[in-house]
There are 2 protein chains.
Amino acid sequence: MSSKRNGPAPKVETKAWVPVTIRDVAKVAGVSTGTVSNVLNRPDIVAGATRQRVLDAVDSTGFIRNTQAYQLRGGRSHTVGVVVLDVSNPFFTEMFRGAESRLQSEGYVLMLASTDDSIEREANFVRAMEEHRVEGILITPAAADLANLSGLKTRGVPTVLLDRKATADEFCSVTVDDIRGGELAARHLFDAGHANIVFVNGPTAIRQCRDRRQGVRKAVRARAKASSIEATELSVAALTVRHGEEVVDRILAISPRATAVMCANDLLALGVLRGLAQRGVRVPEDLAVVGYDDLIFGSMLSPALTSVRQPAFELGVTAAQLLLDEVHNPDHRHREVRFEPELVVRASSSSSH
Amino acid sequence: MSSKRNGPAPKVETKAWVPVTIRDVAKVAGVSTGTVSNVLNRPDIVAGATRQRVLDAVDSTGFIRNTQAYQLRGGRSHTVGVVVLDVSNPFFTEMFRGAESRLQSEGYVLMLASTDDSIEREANFVRAMEEHRVEGILITPAAADLANLSGLKTRGVPTVLLDRKATADEFCSVTVDDIRGGELAARHLFDAGHANIVFVNGPTAIRQCRDRRQGVRKAVRARAKASSIEATELSVAALTVRHGEEVVDRILAISPRATAVMCANDLLALGVLRGLAQRGVRVPEDLAVVGYDDLIFGSMLSPALTSVRQPAFELGVTAAQLLLDEVHNPDHRHREVRFEPELVVRASSSSSH
DNA sequence: TCTAATTATTGAAACGTGTCAAGTACTCGA
DNA sequence: TCGAGTACTTGACACGTTTCAATAATTAGA
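Description of the structure in this document. (Residues numbered from 1 in each chain as written. Chains lettered and ligands numbered in written order. Predicted model: local features only at pLDDT ≥ 70, side-chain atom pairs only at ≥ 80, totals over all residues. Heavy atoms only, no water.)

## Brief notes about the overall build of chain A
Consideration 1: Counting its secondary structure elements, chain A contains 13 helices and 13 strands.
Consideration 2: Taking 353 residues into account, the globule formula puts the C-alpha radius of gyration at 20 Å, and chain A, at 28 Å, lies well above it.
Consideration 3: If one aligns the C-alpha atoms of chain A with their principal axes, the spans along those axes are about 90 × 60 × 40 Å.
Consideration 4: Evaluated residue by residue, chain A yields a buried proportion of 52% over its 353 residues.
Consideration 5: A separation threshold of at least 6 residues defines the contact pool for chain A, and within that pool the share at least 24 residues apart is 69%.
Consideration 6: Approximately 15,300 Å² of chain A is accessible, and the part contributed by carbon and sulfur atoms is 51%. (Helix = DSSP H or I, 4+ residues; strand = E, 2+ residues; numbered from the N terminus. Rg over C-alpha atoms; globule rule 2.2 N^0.38 Å. Buried < 20%, exposed > 50% of the residue type's maximum accessible area, 1.4 Å probe, protein only. Contact = heavy atoms within 4.5 Å. Areas by Shrake-Rupley, 256 points an atom, 1.4 Å probe, with all protein chains shown as cover.)

Shown next, in the form of structure tokens:
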């Protein structure tokens, strides 16, 4: 890193900006503060000439309304807090974009924080947002229990859970049906004629992994009666590319040899693809591969990766919608909106074998 | 999407939460509001027994300090605004994480907004953040000129430009030396023995594309005297995978045939890789490929993609640091901190040919 | 015991805005 | 010309907090 200065490094301008209040504007326009406020909030009830004079004064003074005062007086904060586990995870950013697109048309500004799975940081953020009097919070809870959120509940701060079901009916929530997703992927392979598949799963401590496994098992049960099919489950310690690469030997060691692999997420699948390429195993001819999450780069690989897409953007939009309902509708009732995952079939599992 | 309700859909709890003020706490604790405020802000000056009584009252009432009132009275907002072009771009989210990591240890909360290149939306966000009295703004300006930011300047809102140099010394800024990045990539290929390379560039209306091209040309000039080398420039309309895929035929049509391709970003490179794979051209044996940006998935490809890494996280940290300096240090002077890009050599250009 | 010094607590003012009852100026009809 | 509307404008108050001069209570010193 290099730090460079142009010329004689001029001191930052000294004429300090003195905050312009509604009172300054009133003085310049030669009216009372009440009138200025009216021009700002109900322009219709003030005479044309006066209105113009005030607007000119606003311009010439560079007045910017102080939201805190407005809010203190009883106005809304027009702010919503979003708390996710990890901002750099595309799933969360897509969700954020969805929420943003819905909320910004209503004039809201979003506060974003990522907890990195830390319950303590989560508590801090939630508290800070409450202090800022956000009108609502969208959150992916870090902890299994929802202890950090009990305050929100009792204080009546509208809250929507992201990709997480409420224990009782305490909050609204938006979720994706991971059981169905697992089922979809497995069924796709069976439909394509694979009778012997491998399911590479992550730690079952993660709810998503548990659910996806359950979906796979469901698909197996549904077919097991009619035909002779089988699914071998392999488990890895983490959902990473490396772990996917390392599990390849175990996959190939299975006998009779499997003809398809389903991975609990795209990173695992990517690792598997690399491992297979290194060993000269062709995809999908020798072995079909399916992932989960539909990360953007999966579609850019060759062969492009079949995967299960989660409608992250729509999750965000819907969460925002639920929040708005809770904010504005006095008859609001909490509910869970569950989304269906979608199988995106691409070359890595296309039935050209 | 399916909407499901459990049981008899209980109406949301009716006992509306009445906001607890410092006055309520004072009443419960049997002290004055001044004392409560002291307990909250300067606990040391209040007697132990009283302090405890107040703290108990805070707990039992569930009091949460109202930041607006605090702020109105002259306190700081502990809020920083971040405005980027696109939240779903990993470069920006990494930068955001960097800024977050630096600022959250100082107790700040971040407001995030993405403009999607719209000057109008940018103006709205900046205005909203000013109304919220953010203590500073980190921004990637959408427009070529900085008209949207002139208000920030005159009103003295600390502002740091992200990946963009200030025209004069109006603001602090953090940038990455794209000229150097282009030079690094091209030089790497020349060093590896390639004498005839192709540079696939995007629209030169984009500053980054202009700069990277300039870097490539610089590398060419530096070598042209000593040996006979050449760089053919191809231009595509957008920095996407598809455009990369489509440019492959033009690359292969060049005669004498080039031995290496440098792309203005990783998406282009990815498209090129796909196009080459489809035509049976081996990488790096027949043709070496280099990208730019070092997107995470580049490392997961096989062959893994050589690329130029931009220290996005560090950019964010530094931007935050500059902002904090401008906020706290009365002797603050604006400056540009320029980061060096880093070449990450991987299999797609490794000299095993 | 009395004074001085120290320690704790109080309560009112101020921050910038929106609201609203009250006031003023103006218009129209008779 | 007067009265009754009508159309604008005013200005004090409230929102929840911090600050600070003033007061009260306690302690130390002589």
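## With respect to the nonpolar core
Consideration 1: Of all hydrophobic cores here, the largest spans 88 residues; its most connected members are V200(A), I251(A), V200(B) and I251(B).
Consideration 2: Residues in contact with I251(B), not counting those within four places in the same chain, are V198(B), V200(B), L234(B), V261(B), V272(B) and L287(B).
Consideration 3: Counting 59 residues, the second-largest nonpolar core is a separate cluster that includes F91(A), C172(A), F92(B) and V337(B). (Core = buried A, V, L, I, M, F, W, Y, C linked by side-chain atoms within 4.5 Å.)

## Some remarks on the protein's contact with DNA strand D
Consideration 1: With respect to spatial proximity, 23 residues lie near DNA strand D, and among them T35(A), T50(A), I22(B), S37(B) and R73(B) are the closest.
Consideration 2: For DNA strand D, the backbone makes up 71% of the atoms found within 4 Å of the protein, where backbone means sugar plus phosphate.
Consideration 3: Within the side chain of R73(B), one N or O atom sits 2.7 Å away from a base oxygen of DNA strand D.
Consideration 4: Listed by contribution, the elements that provide at least two residues to the surface near DNA strand D are α2 (33-41) of chain A together with α1 (22-29), α2 (33-41) and α4 (67-72) of chain B.
Consideration 5: Looking at the surface near DNA strand D, its residues break down into eight nonpolar, 10 polar and five charged. (Near = heavy atom within 4 Å. Polar contact = N/O pair within 3.5 Å; in protein donor to acceptor, adjacent residues only side chain to side chain. Nonpolar A, V, L, I, M, F, W, Y, C, P; charged D, E, K, R; others polar.)

## Description of the relation of the copies chain A and chain B
Consideration 1: The transformation that overlays chain A on chain B combines an axial shift of 0.1 Å with a rotation of 180 degrees, and the residual RMSD is 0.2 Å. Read as a symmetry element, the transformation amounts to a two-fold axis. (Least-squares fit on C-alpha atoms with pLDDT ≥ 70 in both.)

## Digging into the environment of F125(B)
Consideration 1: Along the chain, F125(B) falls in helix α6 (residues 119-131).
Consideration 2: In this structure the C-alpha to C-alpha distance between F125(B) and R65(B), which are 60 residues apart in sequence, comes to 26 Å.
Consideration 3: Contacts of F125(B), omitting those with residues within four sequence positions, involve Q104(A), A113(B), S114(B) and T115(B).

## Here we look at helix α9 (residues 207-224) of chain B
Along an α-helix, residues three or four apart share an orientation, since each turn contains 3.6 residues.
Residues and elements named next belong to chain B.
Consideration 1: End to end, α9 covers 25 Å across 18 residues, agreeing with the expected 26 Å (1.5 Å per residue, within 8%).
Consideration 2: Of the residues making up α9, those classed as buried are C209, D211, R212, G215, V216, A219 and V220.
Consideration 3: Considering only its buried residues, α9 is in contact with α8 (178-191), β7 (196-201), β8 (230-235) and β9 (260-263). (Expected span 1.5 Å × (residues − 1).)

## Looking at the environment of V220(B)
Residue and element names in this part refer to chain B.
Consideration 1: Within the secondary structure, V220 sits in helix α9.
Consideration 2: Among the residues examined, V220 registers a relative accessible area of 18% and is labelled buried.
Consideration 3: The spatial distance from the C-alpha of V220 to the C-alpha of A195 is 9.8 Å, given a sequence separation of 25 residues.
Consideration 4: Each residue touching V220, except ones within four places of it in the same chain, is listed here: F190, I229 and A231.

## With respect to the packing of aromatic side chains
Consideration 1: Counting across every chain of the model gives three aromatic pairs over all chains.
Consideration 2: Aromatic side chains F297(A) and F297(B) sit 5.6 Å apart centroid to centroid with 35 degrees between the ring planes, which places their arrangement in the tilted category. Separated into two different chains, F297(A) in the loop between β10 (288-290) and β11 (307-309) and F297(B) in the loop between β10 (288-290) and β11 (307-309) make up a pair that spans both. Of the two residues examined, F297(A) and F297(B), each falls in the buried class.
Consideration 3: Between the NZ or CZ atom of R65(A) and the centre of the ring of Y70(A), over which it lies, the distance is 5.1 Å. (Phe/Tyr/Trp six-rings, centres within 6.5 Å; stacked < 30°, edge-to-face > 60°. Lys NZ or Arg CZ within 6 Å of the ring centre and 35° of its normal.)

## Focus: the interface of chain A and chain B
Consideration 1: Counting residues at the interface gives 73 residues for chain A and 73 residues for chain B.
Consideration 2: Of the roughly 6,800 Å² buried between chain A and chain B, counting both surfaces, carbon and sulfur atoms make up 53%.
Consideration 3: In this structure, the salt-bridge partner of D86(B) is R97(A), at a minimum N-O distance of 2.9 Å.
Consideration 4: Scanning the region where chain A abuts chain B turns up 24 residue pairs in polar contact (both at pLDDT 80 or more).
Consideration 5: The set of elements that each furnish at least two residues to the side of chain A that touches chain B consists of β1 (2-4), α4 (67-72), α5 (90-104), β3 (109-114), α6 (119-131), α7 (150-155), α12 (266-278) and β12 (336-339) of chain A.
Consideration 6: The residue makeup of the side of chain A that touches chain B, split by class, is 28 nonpolar, 21 polar and 24 charged. (Buried area = accessible area lost by both parts, 1.4 Å probe. Salt bridge = Lys/Arg side-chain N within 4 Å of Asp/Glu carboxyl O.)

## Some thoughts on the sheet that holds β10(B)
Note: strands within a sheet are paired through backbone hydrogen bonds, in either parallel or antiparallel orientation.
Residue and element names in this part refer to chain B.
Consideration 1: Spatially, β8-β7-β9-β10 is the arrangement adopted by the four strands of the open sheet, whose pairing is parallel. Lying at the two open borders of the sheet, with one neighbouring strand each, are β8 and β10. Put simply, the sheet's adjacent strands are angled 20 degrees from each other on average, direction ignored.
Consideration 2: In this sheet, β9 lies alongside β7 in parallel orientation, the contact comprising four bridges. (Pairing = 2+ DSSP bridges. Axes fitted to C-alpha atoms, helices over the stretch in contact; angles between N-to-C directions.)

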